[in-house]
Amino acid sequence: MKKLFKSLPVRLLIGVVLGMVIGLIANEAVMNVVVTVKYILGQVITFCVPLIIIGFIAPSITKMGNNASKMLGVALAIAYISSIGAAFMAMGAGYGLIPHLSIQSEVEGLKDLPGVVFQLDIPQIMPVMSALVFSIMLGLAAAWTKARYTTAILDEFQKIVLKIVTKFIIPILPFFIASTFCGLAYEGTITKQLPVFLKVIVIVMAGHYIWLTLLYVIAGAYSGKNPLEVLKYYGPAYLTAVGTMSSAATLAVALEGARKSKVLRKDMVNFGIPLFANIHLCGSVLTEVFFVMTVSKILYGELPSVGMMVLFCMLLGIFAIGAPGVPGGTVMASLGLITGVLLFDETGTALMLTIFALQDSFGTACNVTGDGALTLFLTGYAEKHHVEEQELNIEF
């Protein structure tokens, strides 16, 4: 029994259940404490994200040597193709299904969460995208110049970051997830707001699973490996993503799961998983495309034109690569597209943000789980093109 409760999936599930139960019965004084705990834990996790990105991406690039630029290009290409593929699938579903749905736009009022007791800000050493660009540039430059000392320093830094992940991030995740679901239950989101767009959310979630199936089938066919040998280790990462609503915050758990797979090359895992956590947001893109079409039908009485949606999807794929892997990152990064290309007004933008937030957890879980398929694709590419495997000797 003691060993069971040490299991990460079990601890995450317990956090979800306890958080919801406490949120349904808690008073304002209790929620003051819960909100404060969530804020502080969120600050700690957010602070560590740039460290994880630098600690895994830069050393992995240096170990690829002359193949670094090629692998990075392949990773960017398949992430973009996956995102716009999901977008176009959602667009087709939108034109086929939305006109036949009866969707109400009224949303019940929710309780307001109390403020934090005290605000402990822990700023990141640099923004997430800055860390990503810095890691890529540093890794490529070190590989091109064969900088042995820099490579050795990055190796040491990777081990340090790994300890930060295993000793700090993973242990606090169940508490962070519990506080998140506690807040949702207290607000009434789970009991009041979710049924409003239940039909739409169910359709979008079905789209997530369809797209993930396509990704894993294609990656398995290309690599010649069984994709289930990757997918079966993604349960904890999926649940963590549902709780944190953040690809970046789920990064530690995703790395841990992916490294257990016998069909993924370890160097591709350490290179691909942190990179895709920030540039591959297929689930969020799929969700946003279907939801903007839904909101357009609700508020403006018609769906956007095909030409307008094609342009939106193509640009959204680019914006997704640059969107932060944090809660609502995709829709926040693309607000300019929503207002500029689709011509949404303030009401449309507000409604879009509301219904996107309702399923942000599951869109994030799709993003994270899809990263495993793309890493399997990278593994197949590296083997087909005889990219030498690098022994990283990292253990969780």
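Residues numbered from 1 in each chain as written. Predicted model: local features only at pLDDT ≥ 70, side-chain atom pairs only at ≥ 80, totals over all residues. Heavy atoms only, no water.

- The chain is annotated in an unreviewed UniProt entry as Dicarboxylate/amino acid:cation symporter from Blautia parvula.
- Recorded in UniProt for the chain, the comment headed Subcellular location (unreviewed entry) runs: "Membrane". (UniProt positions renumbered as here; feature names shortened; annotations may be inferred.)

Comments concerning the nonpolar core
Phase 1 of the analysis: Within the largest apolar cluster, 107 residues are counted, with the highest numbers of intra-cluster contacts made by L275, V289, V292, M309, F312 and L378.
Phase 2 of the analysis: F312 has contacts with E288, V289, V292, L337, I338, V341 and L342, leaving out every residue within four places of it along the chain.
Phase 3 of the analysis: Ranked by size, the runner-up nonpolar core spans 5 residues in total, among them M31, V34, C182 and Y186. (Core = buried A, V, L, I, M, F, W, Y, C linked by side-chain atoms within 4.5 Å. Buried < 20%, exposed > 50% of the residue type's maximum accessible area, 1.4 Å probe, protein only. Contact = heavy atoms within 4.5 Å.)

Considerations on the packing of helix α6 (residues 148–187) against helix α10 (residues 235–244)
The relative placement of two packed helices comes down to the angle between their axes together with the axis-to-axis distance.
Phase 1 of the analysis: Between α6 and α10, the least distance of the axes is 8 Å, while the angle of their chain directions is 45 degrees. Between α6 and α10, the crossing angle belongs to the class labelled oblique. Every pair of crossing elements has a handedness; the one defined by α6 and α10 is left-handed. Contact with α6, carried on its side by L173, F176, I177, T180 and F181, involves L239, T240, V242, G243 and T244 of α10 and no other residues of that element. (Axes fitted to C-alpha atoms, helices over the stretch in contact; angles between N-to-C directions. Helix = DSSP H or I, 4+ residues; strand = E, 2+ residues; numbered from the N terminus. Parallel < 35°, antiparallel > 145°, perpendicular 65-115°, else oblique. Left-handed = near helix turned anticlockwise from the far one by under 90°.)

Section: the side chain of S284
Phase 1 of the analysis: Within the secondary structure layout, S284 lies in helix α13 (residues 282–300).
Phase 2 of the analysis: There is a polar contact of 2.9 Å between the side chain of S284 and the side chain of N367. (Polar contact = N/O pair within 3.5 Å; in protein donor to acceptor, adjacent residues only side chain to side chain.)

Notes on the side chain of T364
Phase 1 of the analysis: Checked against the element boundaries, T364 lands in helix α17 (residues 346–384).
Phase 2 of the analysis: Under the relative-accessibility criterion, T364 is labelled buried at 4%.
Phase 3 of the analysis: Non-local contacts of T364, meaning those with residues more than four positions away in its chain, are made with A241, M245, S246, S247 and S284.

What about the packing of aromatic side chains?
Describing an aromatic ring pair means giving the distance of the ring centres and the angle of the ring planes.
Phase 1 of the analysis: Applying the stated criterion across every chain, the model contains 1 aromatic pair.
Phase 2 of the analysis: Both rings, one in Y222 and one in F377, keep their centres 4.3 Å apart while their planes meet at 15 degrees; by these two values the pair is stacked. One end of the pair, Y222, is in helix α8 (residues 198–223); the other, F377, is in helix α17, with 155 residues separating them in the sequence.
Phase 3 of the analysis: The ring of Y222 has K384 sitting right over it, with the charged end atom 5.1 Å from the ring centre. (Phe/Tyr/Trp six-rings, centres within 6.5 Å; stacked < 30°, edge-to-face > 60°. Lys NZ or Arg CZ within 6 Å of the ring centre and 35° of its normal.)

Description of α13
Phase 1 of the analysis: When the terminal C-alpha atoms of α13 are compared, their 27 Å separation across 19 residues agrees well with the 27 Å that a helix rising 1.5 Å per residue should span.
Phase 2 of the analysis: Among the 19 residues that make up α13, 15 are buried, leaving the element largely enclosed by the rest of the structure.
Phase 3 of the analysis: With its phi angle positive at about 80 degrees, G301 sits one or two positions after the end of α13. (Expected span 1.5 Å × (residues − 1).)

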